[in-house]
Amino acid sequence: MNYYENIVILDAALEDTGIDAAEKRITDLIEKQQGEVLKHERWGRRKLSYEINKHEKGYYLFFVFKSPPAAIKLLEELYKVFDPVFKFMIIKLRKKEIIALQNSLQAAEAKASAESAPETAKNDGAKNDAEVSAAPAGAVE
Amino acid sequence: MVQKGKGSEHVKYKRFMRKKFCRFCAEKTPFIDYKDTRTLKSYITERGKQLPSRMTGTCARHQRELTEAVKRARNIALLSFMEK
Ligand SMILES: [Zn+2]
């Protein structure tokens, strides 16, 4: 398993449903390869710094995931034939970047559980709830 | 150390100059992020060319890292290759 970071630029003319579908297709592929999406962000429509294939704007998607190397080849193959994608970049994270990533994931998790905890901290039953809800949140993000 | 001008007299009359230092070393940046275009932009010219380390004071290690980050940012159109 390696850690990767992936930026995908979609056609800016795409409707929200198209963006949802593209995002799902990418995460599905990663998960099918026993990978795990650790972070996904939508940066939205932005102006490109230079024209790419006659596109001046693009919709940026950003993923951080953990997967076996074989998944990368499949991802690249998908992007080459997947029409809404006109540019992508996949980067393998190095040690220092992985450490920073793990710290940020932990911080996000701690923040999420701190937000749900305060009122129910004394109540044992509710505490269990918080722990249960913290786990899937970490997995989705 | 860092001396502007070429004549030997400049060595004698040290012009007042703030000592340059590597920002990434000073801040102990764990790594230079290619997505952080705001930082990267302070190390490139208006036209998009990377500034030499002798102007910015960046150390060799971080200059290399910076170069890689700029290249990645350009690749994905967060920065331009050349501003006309
Ligand atoms: Zn340095």
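Position labels on residues start from 1 in each chain and follow its written sequence. Numbering of ligands from 1 and lettering of chains from A proceed in the order in which they are written. Owing to the predicted nature of the model, reporting of local features is limited to residues with pLDDT of at least 70; listing and counting of side-chain atom pairs is limited to 80 or more, with chain, interface and lining totals taken over all residues. Water and hydrogen atoms play no part in the side-chain values, which are based on all heavy atoms of the structure.

Participant: Residue-level account of the overall build of chain B, with values.
Facilitator: Summing up its helical and strand segments, chain B has five helices and zero strands in all. Helix and strand assignments follow DSSP, with helices taken as H or I runs no shorter than four residues and strands as E runs no shorter than two, numbered in order from the N terminus. Going residue by residue from the N terminus, the α and β elements of chain B occur as α-α-α-α-α. Across the 84 residues that make up chain B, the buried fraction comes to 33%. Relative to all contacts within chain B whose residues are 6 or more apart in sequence, the contacts with residues 24 or more apart total 55%. With residues, only the protein chains shown are counted as cover, and all accessible areas are computed by Shrake-Rupley using a 1.4 Å probe. Carbon and sulfur atoms form 54% of the exposed surface of chain B, whose accessible area is close to 6300 Å². Throughout this description, buried means an accessible area under 20% of the type-specific maximum (1.4 Å probe, protein chains only), exposed means over 50%, and partly exposed covers the range between. Note on contacts: a residue pair is in contact if any heavy atoms of the two residues lie within 4.5 Å.

Participant: Now, about the coordination of the zinc ion: what can you tell me, with residues and values included?
Facilitator: Residue and element names in this part refer to chain B. In this listing, donors mean N, O and S atoms no farther than 2.8 Å from the metal, or 3.2 Å for Na, K and Ca; water is missing from the atoms, so a site can look incomplete. Within the protein, Cys 22 (SG), Cys 25 (SG), Cys 59 (SG) and His 62 (ND1) serve as the donor atoms for the zinc ion, at 1.9 to 2.3 Å. When four donors show all angles between 85 and 135 degrees the site is tetrahedral, when four or six donors have opposite pairs over 155 degrees and all other angles between 65 and 115 it is square planar or octahedral respectively, and in every other case it is irregular. With four donor atoms in place around the zinc ion and angles of 103 to 114° between them, the coordination shape is tetrahedral. Of note, the donors binding the zinc ion are all from one chain and are spaced C-x2-C-x33-C-x2-H. With Cys 25 in helix 2 (residues 23-26) and Cys 59 in the loop between helix 4 (53-56) and helix 5 (60-75), the pair connects residues that are 34 residues apart, well separated along the chain.

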